[in-house]
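For reference, the chains in residue letters:
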Amino acid sequence: MYTQAMDIPDESGKKLASVSNAPSEQEAAFEARIEADGRIEPQDWMPEAYRKTLVRQISQHAHSEIVGMLPEGNWISRAPSLKRKAILIAKVQDEGGHGLYLYSAAETLGTSREQMLEGLHSGKAKYSSIFNYPTLNWADVGVIGWLVDGAAIMNQIPLCRCSYGPYSRAMIRVCKEESFHQRQGYEALLVMMQGSEAQKAMVQDAVNRLWWKCLAMFGPPDADSPHSAQGMRWGIKRISNDELRQKFVDATVPQAKVLGVTLPDPDLKWNEARGHYDYGQIDWAEFWNTVEGNGPCNKERLATRVKAHNDGQWVRDAAQAYARKQQERAMKEAA
Amino acid sequence: MTTPALKEWPLWEVFVRSKQGLEHKHCGSLHAADAAQALHMARDVYTRRQEGVSIWVVPSASITASNPDDKGELFDPAADKIYRHPTFYEIPEEVGHM
């Protein structure tokens, strides 16, 4: 079953408290299943730390999908053609859907949609730092598809094998749709690169601004990543941050060549001995500053998100009132 | 920030029939005020790429699920009844496919 809300409707807290000092027999069964690369389902016993890690990761992931709608949503009314507009609307709609799959997966762990939205809207919860940078020109939309979604795919493909069933199923669905996102972005850039000098310069400018932010999307280096080891042991994380980042660089360099843009890193070069591309230092101080809420768009994104939610309140109220009225009418007719 | 309406939207399980002739398969869940809205939202969320020809939505609260702790008693008794499988029976080769 995808959700466990029908099992623990209102007393999820109580149930959680009682399982935290569960006998070691349950713990052994959990460990054995993880060891055998099996899947954990919502009703199975799991250690509190495993549950907490998943709630944090899945809700952050969901928030990223929802906030990710904003930088691109800004360009829907300014897309250069009806075709690009239709594509962009479809993509932004997909992101909303991805947010829903992920919120649903997180809800199976005993958290509620309200709790998660509260976390996002109050600024307590984090989301991907990449969305706190502005989308200055149309090429940014293409680069988001090519590089940002490209980096997200690298991250998400291993998550399809995550040990937590609902999360892995959500990721399979997301990955199926994500491929369109990357390809549409890359193709939009290919078209621009066949245009005027000014258009080509726009593409290069967007790549220059977003390249390093995309590399940072994979998270801190393995040496500075405290949660990684436990996540790996639990089968939540399958490939380390640095390994994924390297895969992304190796995959992207030839794509940049075909596109005809350069990547803004003087240290980027093929290393024959390693069989990989070497790349330069990422500015982690800048990354953490953005994560802490001081990036160029943090405040604007959050304010837009909260406003959209509040502006939709009357729709939710009306739907609720209508449902109630229909129910009352049905009951009266039956009586 | 409280959103009372959202809090009261019940959870629905979504089942989609991908093709005429196939069964409805569980594909996820969503919150909606009533069945009509749940259907509408399920269409938008789960069938944007012709994934379905029919949708069922069921209030999650209406589903009775087996308890994972009862897995042993519920499913084990079948394990030693291997005579329920066709491969239990040896048939002479000259009989051919049966």
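Residues numbered from 1 in each chain as written. Chains lettered and ligands numbered in written order. Predicted model: local features only at pLDDT ≥ 70, side-chain atom pairs only at ≥ 80, totals over all residues. Heavy atoms only, no water.

1. Quick look at the interface of chain A and chain B
- Contacts between chain A and chain B engage 34 residues on the former and 33 residues on the latter.
- Of the roughly 2,700 Å² buried where chain A meets chain B, counting both sides, 58% is carbon and sulfur surface.
- Note that Glu177(A) and Arg49(B) form a salt bridge whose closest N and O atoms lie 3.5 Å from each other.
- The tally of links from chain A across to chain B stands at nine residue pairs in polar contact (both at pLDDT 80 or more).
- At the level of secondary structure, the elements contributing two or more residues to the side of chain A that touches chain B comprise α5 (82–107), α6 (113–121), α8 (165–193), α13 (298–311) and α14 (313–334) of chain A.
- For the side of chain A that touches chain B, the element with the most residues is α14(A), which contributes eight residues.
- Residues belonging to the side of chain A that touches chain B are distributed by class as follows: 12 nonpolar, 10 polar and 12 charged. (Contact = heavy atoms within 4.5 Å. Buried area = accessible area lost by both parts, 1.4 Å probe. Salt bridge = Lys/Arg side-chain N within 4 Å of Asp/Glu carboxyl O. Polar contact = N/O pair within 3.5 Å; in protein donor to acceptor, adjacent residues only side chain to side chain. Helix = DSSP H or I, 4+ residues; strand = E, 2+ residues; numbered from the N terminus. Nonpolar A, V, L, I, M, F, W, Y, C, P; charged D, E, K, R; others polar.)

2. Notes on unusual backbone geometry
- Here the phi dihedral of Asp37(A) falls at roughly 60°; this positive angle occurs in a residue that is not glycine.
- Tracing the backbone shows Asp37(A) in the loop between α2 (24–35) and α3 (48–67).
- Overall, Asp37(A) belongs to the partly exposed group, its relative accessible area being 42%.
- Not every positive phi belongs to a glycine, and Gln50(B) is a case in point at roughly 55°.
- Secondary-structure assignment places Gln50(B) in the loop between α2 (35–46) and β3 (54–59). (Buried < 20%, exposed > 50% of the residue type's maximum accessible area, 1.4 Å probe, protein only.)

3. Details of the pattern of salt bridges
All names here are of chain A.
- Tallying each qualifying case throughout the model produces 25 salt bridges over all chains.
- In this structure, glutamate 107 engages arginine 113 in a salt bridge whose closest nitrogen and oxygen atoms are separated by 2.7 Å. The exposure classification of glutamate 107 matches that of arginine 113, with both residues buried.
- In this structure, glutamate 197 engages lysine 200 in a salt bridge whose closest nitrogen and oxygen atoms are separated by 3.5 Å. Note that glutamate 197 and lysine 200 are positioned in helix α9 (residues 197–216) at a spacing of three residues, about one turn of the helix.
- Look at lysine 200 and you get partly exposed, because its relative accessible area is 27%.
- Through salt bridges that share partners, Glu72, Lys91, Glu95 and Asp149 make up one connected network.

4. Description of the nonpolar core
- Among the nonpolar cores identified, the biggest contains 89 residues, and Tyr50(A) and Tyr164(A) are the most heavily contacted of them.
- Among the elements that take part in this core, helix α7 (residues 138–159) of chain A stands out by supplying 11 residues, more than any other. (Core = buried A, V, L, I, M, F, W, Y, C linked by side-chain atoms within 4.5 Å.)

5. Structural notes on the packing of α8(A) against α9(A)
Residues and elements named next belong to chain A.
- As a packed pair, α8 and α9 sit with axes 8 Å apart at the nearest point and diverge in direction by 145°. For the pair α8 and α9, contact is made by Leu189, Met192 and Met193 and by Gln199, Lys200, Met202 and Val203, respectively.
- Its residues assigned to classes, the contact of α8 with α9 shows five nonpolar, one polar and one charged. (Axes fitted to C-alpha atoms, helices over the stretch in contact; angles between N-to-C directions.)

6. Some words on the layout of surface pockets
- In this model, the largest pocket occupies a volume close to 1,300 Å³.
- As for the largest pocket, its lining consists of 46 residues, and the residues nearest its centre are Gln57(A), Gln60(A), Asn155(A), Met217(A) and Gly219(A).
- Elements with a minimum of two residues in the lining of the largest pocket: α3, α5, α7, α8, α10 (228–233), α11 (241–259) and α12 (284–294) of chain A.
- Of the residues forming the lining of the largest pocket, the biggest block, eight residues, is contributed by α7(A).
- Residues of the lining of the largest pocket, tallied by class, amount to 19 nonpolar, 16 polar and 11 charged.
- Taken as a whole, the second largest pocket holds about 990 Å³ of empty space.
- Gly96(A), Leu100(A), Arg113(A), Arg305(A) and Met41(B) are, among the 28 residues lining the second largest pocket, the residues nearest its centre. (1 Å grid on protein atoms, 1.4 Å probe; cavity = no way out; pocket = protein on both sides within 12 Å on 5 of 7 lines; lining within 4 Å. Points joined across faces, edges and corners; volume = space filled by probe spheres on them.)

7. Section: empty space enclosed by the protein
All names here are of chain A.
- For the structure shown, the criterion picks out two cavities of 30 Å³ or more.
- Broken down by element, the lining of the largest cavity gets its largest block of residues, three residues, from α7.
- Here the residues of the lining of the largest cavity are counted per class, giving eight nonpolar, one polar and one charged.

8. Examining a nonpolar patch on the surface
- Residues Ile82(B), Tyr83(B), Phe88(B), Tyr89(B), Ile91(B), Val95(B) and Met98(B) make up a contiguous nonpolar surface patch of roughly 750 Å² in combined accessible area.
- We classify Tyr89(B) as partly exposed; its relative accessible area is 46%. (Patch = residues over 30% accessible without salt bridge, like charges linked within 9 Å, V, L, I, M, F, W, Y side chains within 5 Å. Areas by Shrake-Rupley, 256 points an atom, 1.4 Å probe, with all protein chains shown as cover.)

9. Remarks on the pairing of strand β2 (residues 24–31) of chain B
All names here are of chain B.
- Most of β2 sits out of view: six of its eight residues are buried.
- As paired strands, strand β1 (residues 11–17) and β2 are joined by seven bridges and run antiparallel to one another. By the bridge assignment for β2, leucine 11 is matched with histidine 31.
- The hairpin turn running from β1 into β2, its antiparallel successor, is six residues long, and glycine 21 in that turn takes a positive phi close to 100°. (Pairing = 2+ DSSP bridges.)

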